[in-house]
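Residue-level listing of the chains:
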Amino acid sequence: MRLIAAILLIFTLTACNKPMENPEVKDPIYSDLQTQVTAATAALEGEKKKLEGFEKDLITVVPQTGQIKYAKKRIYESQAAITRLAQEVEYLKLKVEQRKAHAQQSYKKAFAKKEDWPDPKEWTSYQAEQKLRNAKRSWGVKERMKAAGVTIDTGLGSTEGGAEGAKEAGSEAKSGH
């Protein structure tokens, strides 16, 4: 009886130590890329439906009113957006496949070395990269100053709308008040 219990204990301890078959399921980067594919696919389908509506609008446009120009412009812009979104979906699908292969390879290495997987540093750097990639690319001085909390005192009693404040100050000086 003790022999059987010892054999079962040995089998359970050694059976727990085998690698996962699909380690990419546990990879947060792989999961994030899959959600991006889903979102891009949904955006593509939505844009295709908008294009159908624009094409129906083109058929019902009254001739020689100038509306046809705008209807064609909307169709052209929608077709360009569909092309861009289709390219983005394909790109993301390739990234998912690449990440799947990378996850399997890195998991096997980590399993052989008995290290933690997935690497939290890799996830942190991925999040930082995504934050920079998705950041607004605006170089307007006013927006940067507002984000930094810097205000300019023009001496006119207003920190914003300097032109309006200057007009008001000029009209006050002329009226003598």
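Look up: the structure comes first, before these words.
Notes on the structure in this doc start here. (Residues numbered from 1 in each chain as written. Predicted model: local features only at pLDDT ≥ 70, side-chain atom pairs only at ≥ 80, totals over all residues. Heavy atoms only, no water.)

**Considerations on the nonpolar core**
The criterion, for reference: Throughout, nonpolar core names a set of buried Ala, Val, Leu, Ile, Met, Phe, Trp, Tyr and Cys residues whose side chains join them through atoms within 4.5 Å. The buried label applies to any residue whose accessible area, calculated with a 1.4 Å probe on protein chains only, is under 20% of its type's maximum; exposed applies above 50%, and partly exposed to all values in between. Only DSSP runs of H or I reaching four residues or more are called helices, and only runs of E reaching two or more are called strands; each is numbered from the N terminus. We call two residues in contact whenever any of their non-hydrogen atoms come within 4.5 Å of each other.
In terms of nonpolar packing, the biggest core is built from 15 residues, with Leu-33, Leu-44 and Val-96 touching the most fellow members. Secondary structure elements with two or more residues in this core: helix H2 (28-59) and helix H3 (67-113). By residue number, the principal contributor to this core is H2, which donates eight residues. Among residues more than four places away in sequence, those in contact with Leu-33 are Lys-95, Val-96, Arg-99 and Tyr-126.

**So, the packing of aromatic side chains**
Worth spelling out the cut-off: Here the aromatic set is Phe, Tyr and Trp, taking the six-membered ring for Trp, and pairing holds for ring centres within 6.5 Å; pairs whose planes are under 30 degrees apart are stacked, those over 60 apart are edge-to-face, and all others are tilted.
On inspection of all chains with the given rule, the structure shows three aromatic pairs. Where Trp-123 meets Tyr-126, the ring centres are 5.7 Å apart and the plane angle is 20°; that geometry is what we call stacked. Placement of the pair is Trp-123 and Tyr-126 together in helix H4 (residues 120-133), with a separation of three residues, close to one helical turn. Note on Trp-123: relative accessible area 27%, which makes it partly exposed. For Tyr-126, a relative accessible area of 10% gives the class buried.

**Thoughts on the layout of surface pockets**
Empty pockets left among the atoms are what a rolling probe the size of a water molecule brings to light. The condition that has to hold: A 1.4 Å probe that fits into a set of points on a 1 Å grid over the protein atoms alone but cannot get out defines a cavity; an open set with protein on both sides within 12 Å along at least five of seven lines defines a pocket, and lining residues are those with an atom within 4 Å of a point. Grid points are joined across faces, edges and corners, and a volume is the space filled by probe spheres set on the points. Side-chain classes follow a simple rule in which Ala, Val, Leu, Ile, Met, Phe, Trp, Tyr, Cys and Pro form the nonpolar group, Asp, Glu, Lys and Arg form the charged group, and the remainder, Gly included, forms the polar group.
In this structure, the largest pocket encloses a volume near 430 Å³. Along its surface, the largest pocket is lined by 17 residues, and Leu-33, Tyr-91, Lys-95, Gln-130 and Arg-133 are the ones closest to its centre. Mapped onto the lining of the largest pocket, the elements with two or more residues apiece are H2, H3 and H4. When residues of the lining of the largest pocket are assigned to their parent elements, the largest contribution, seven residues, is made by H3. Here the lining of the largest pocket is built from residues that sort into five nonpolar, six polar and six charged.

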